[in-house]
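# Summary of structural features
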Amino acid sequence: MTALRLHHTAYVTKDQEATRAFYEDILGFPLMAAWSETDELFGAERVYCHTFFGMADGSALAFFQFANQEDQDLFDPALEPSPFRHIALKVDAETQANMHQKLVDAKWKPEGTYVLEHGYCRSLYTEDPNGMLVEFTVDVAEVDQITADRKADAHETLKRWLAGDHTSNNTYR
């Protein structure tokens, strides 16, 4: 058994309003909830705002901002973002093109917005106000066959890779 869908993925933001404007005003993810909370968390009372931005399947992107700067500093993501720490969201080609145009029209980080053809999918990348990479992915038409191929050899490929054979198995580019 596996999870039914993403419920939410959560991150810390330095600026809830900049995050809201990016996800809601530019990209069109509606603000579904904002929780103003005080909880005993990790050995101290923490005051924070927790926002949720909805996606079509009912899942959400969630962000925390702390009222106390010490809490903010304690839980804030690393100062140096990594392209391997990102949100990847499945979209259709029309939505991806529309989001790309919205980012261009908003002049949103033009030096950091780009498209990669992975062979098995096409990805539009940009950075949100928190320095986190956001990926909007469109699967290729052959995704079902590619998924079946990779599922069939996943254990074998991992075992081979761990043994030192790093030969690429991406024949789709």
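Residues numbered from 1 in each chain as written. Predicted model: local features only at pLDDT ≥ 70, side-chain atom pairs only at ≥ 80, totals over all residues. Heavy atoms only, no water.

Let us now look at the sheet that holds strand β7 (residues 121–127). Strand order in the open sheet formed by 4 strands is β5-β8-β7-β6, with mixed pairing between adjacent strands. Unpaired on one side and paired on the other, β5 (86–90) and β6 (114–117) mark the two borders of the sheet. Strand-to-strand twist in this sheet, taken as the mean axis angle between neighbours without regard to direction, amounts to 25°. As judged from the 4 bridges shared by β6 and β7, these two strands associate in the antiparallel manner. Counted as the bridge partner of Tyr114 is Tyr125 from β7. Against the sheet, helix α3 (residues 93–105) makes contact with β6, β7 and β8 (133–139), and its axis sits at roughly 25° relative to β7, the strand it touches most. (Pairing = 2+ DSSP bridges. Helix = DSSP H or I, 4+ residues; strand = E, 2+ residues; numbered from the N terminus. Axes fitted to C-alpha atoms, helices over the stretch in contact; angles between N-to-C directions. Contact = heavy atoms within 4.5 Å.)

Another aspect to go through is the side chain of Gln72. Considering the arrangement of structural elements, one finds Gln72 in helix α2 (residues 69–75). When its relative accessible area of 5% is taken as the criterion, Gln72 is described as buried. Within the structure, the side chain of Gln72 is placed 2.8 Å from the backbone oxygen of Thr13, a separation counted as a polar contact. A polar contact is formed between the side chain of Gln72 and the backbone nitrogen of Phe66, at a distance of 2.8 Å. (Buried < 20%, exposed > 50% of the residue type's maximum accessible area, 1.4 Å probe, protein only. Polar contact = N/O pair within 3.5 Å; in protein donor to acceptor, adjacent residues only side chain to side chain.)

Attention now goes to helix α1 (residues 16–26). Within α1 the residues assigned to the buried category are Gln16, Thr19, Arg20, Phe22, Tyr23 and Ile26. Of the residues that open α1, the one with a side-chain oxygen 3.0 Å from the backbone nitrogen of Glu17 is Asp15. Backbone geometry just after α1 places Gly28 at a positive phi near 85°.

Below, the discussion takes up a nonpolar patch on the surface. There is a patch of nonpolar side chains on the surface, built from Leu158, Trp161 and Leu162 and spanning about 360 Å² of accessible area. On the secondary structure map, Trp161 appears in helix α4 (residues 143–162). Assessed through its relative accessible area of 47%, Trp161 is described here as partly exposed. (Patch = residues over 30% accessible without salt bridge, like charges linked within 9 Å, V, L, I, M, F, W, Y side chains within 5 Å. Areas by Shrake-Rupley, 256 points an atom, 1.4 Å probe, with all protein chains shown as cover. Salt bridge = Lys/Arg side-chain N within 4 Å of Asp/Glu carboxyl O.)

Attention now goes to the nonpolar core. Counting 20 residues, the largest nonpolar core has Tyr23, Leu27, Phe29, Leu61 and Phe136 as the members making the most contacts within it. Elements represented by at least two residues in this core include exactly α1, β4 (60–66), β5, α3 and β8. Beyond its immediate sequence surroundings of up to four residues, Leu27 is in contact with Phe22, Met99, Lys102, Leu103 and Phe136. (Core = buried A, V, L, I, M, F, W, Y, C linked by side-chain atoms within 4.5 Å.)

In this fold, His166 is placed in the segment after α4. Sequence separation between His166 and Arg85 is 81 residues; the distance between their C-alpha atoms is 22 Å. Sequence-distant contacts of His166, defined by excluding residues within four places in its chain, comprise Arg160 and Trp161. A distance of 3.2 Å separates the side chain of His166 from the backbone oxygen of Trp161, its partner in a polar contact.

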